[in-house]
Amino acid sequence: QVHVVESGGGLVQTGGSLTLSCAASGGTFRSISMGWFRQAPGGDRSFVAAVTRTGDTYYADSVKGRFTISGDNAENTANLLMNNLKPEDTGVYSCAVQIRSSYYYRNSPDRYDYWGQGTQVTVSA
């Protein structure tokens, strides 16, 4: 069973920065891609960013230029550096791991096979 753990959430002021970390373990596997999603209070889960095993990165339009995702495929880890945070970035951030081929788009939660419990990010005005 694959186990996914996130860390690095917290409370930050508008304009501040946070780095989220994700580590997947358990069994022998190599991730195809790893992604970050967030869910605001009362909202749906939405795509934030993803990184593939070859290092290609993808971002939601709302975070382009502010967030940077990086990954280590050999270690099955992914980090999300978040700069210039805004109150609308507030939410529970979850890490997702894809280990099987999928025809779902990269920004679809259905593409991913395993999820972490999430870490809270709160940006104060």
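Residues numbered from 1 in each chain as written. Predicted model: local features only at pLDDT ≥ 70, side-chain atom pairs only at ≥ 80, totals over all residues. Heavy atoms only, no water.

**Digging into the environment of Ala 96**
Tracing the chain through its elements places Ala 96 in strand E9 (residues 91–98). A relative accessible area of 0% places Ala 96 in the buried class. Sequence-wise, Ala 96 and Thr 14 are 82 residues apart; in three dimensions their C-alpha atoms are separated by 26 Å. (Helix = DSSP H or I, 4+ residues; strand = E, 2+ residues; numbered from the N terminus. Buried < 20%, exposed > 50% of the residue type's maximum accessible area, 1.4 Å probe, protein only.)

**Quick word on the state of the cysteines**
Enumeration according to the criterion identifies one disulfide in this entry. The disulfide partner of Cys 22 is Cys 95, and the S-S distance across this bridge is 2.0 Å. Between Cys 22 and Cys 95, the S-S dihedral sits near -80°, and the bridge is therefore left-handed. One end of the pair, Cys 22, is in strand E3 (residues 18–25); the other, Cys 95, is in strand E9, with 73 residues separating them in the sequence. The exposure classification of Cys 22 matches that of Cys 95, with both residues buried. (Disulfide = S-S within 2.5 Å.)

**Here we look at the pattern of salt bridges**
This model, assessed by the stated rule, comprises four salt bridges. Ionic pairing is found between Lys 64 and Asp 61, a salt bridge with its closest N-O pair at 3.1 Å. The class for Asp 61 is exposed, based on a relative accessible area of 66%. With a shortest N-O distance of 3.3 Å, Asp 113 and Arg 100 are connected by a salt bridge. Pair noted here: Asp 113 is in the loop between E9 and strand E10 (114–115) and Arg 100 is in the loop between E9 and E10, with a separation of 13 residues, a long-range link. When its relative accessible area of 23% is taken as the criterion, Asp 113 is described as partly exposed. (Salt bridge = Lys/Arg side-chain N within 4 Å of Asp/Glu carboxyl O.)

**As for unusual backbone geometry**
For Asn 76, which is not glycine, the phi torsion reads 55° and is therefore positive. Positionally, Asn 76 belongs in the loop between strand E7 (67–72) and strand E8 (77–82). Exposure remark for Asn 76: the relative accessible area of 6% places this residue in the buried category. One non-glycine residue, Asn 84, lies in positive phi territory at about 50°. In this fold, Asn 84 is placed in the loop between E8 and E9.

**Description of the pairing of strand E4 (residues 33–39)**
Most of E4 sits out of view: six of its seven residues are buried. Two strands pair when backbone bridges link them, and E4 and strand E5 (residues 45–52) are joined in this way by seven bridges, in the antiparallel orientation. Within the sheet, the bridge partner assigned to Ser 33 lies in E5 and is Thr 52. As consecutive antiparallel partners, E4 and E5 are separated by five residues, and within that stretch Gly 42 has a phi angle of approximately 75°, a positive value. (Pairing = 2+ DSSP bridges.)

**Examining the nonpolar core**
In globular proteins that are soluble, nonpolar side chains generally tend to be buried together. The biggest cluster of nonpolar side chains holds 32 residues, and the ones touching the most others in it are Val 4, Trp 36, Val 48, Phe 67, Leu 80, Met 82 and Tyr 93. Of all the secondary structure elements, the ones that give two or more residues to this core are E3, E4, E5, E7, E8, E9 and strand E11 (119–124). Top contributing element to this core by residue count: E5, with five residues. (Core = buried A, V, L, I, M, F, W, Y, C linked by side-chain atoms within 4.5 Å.)

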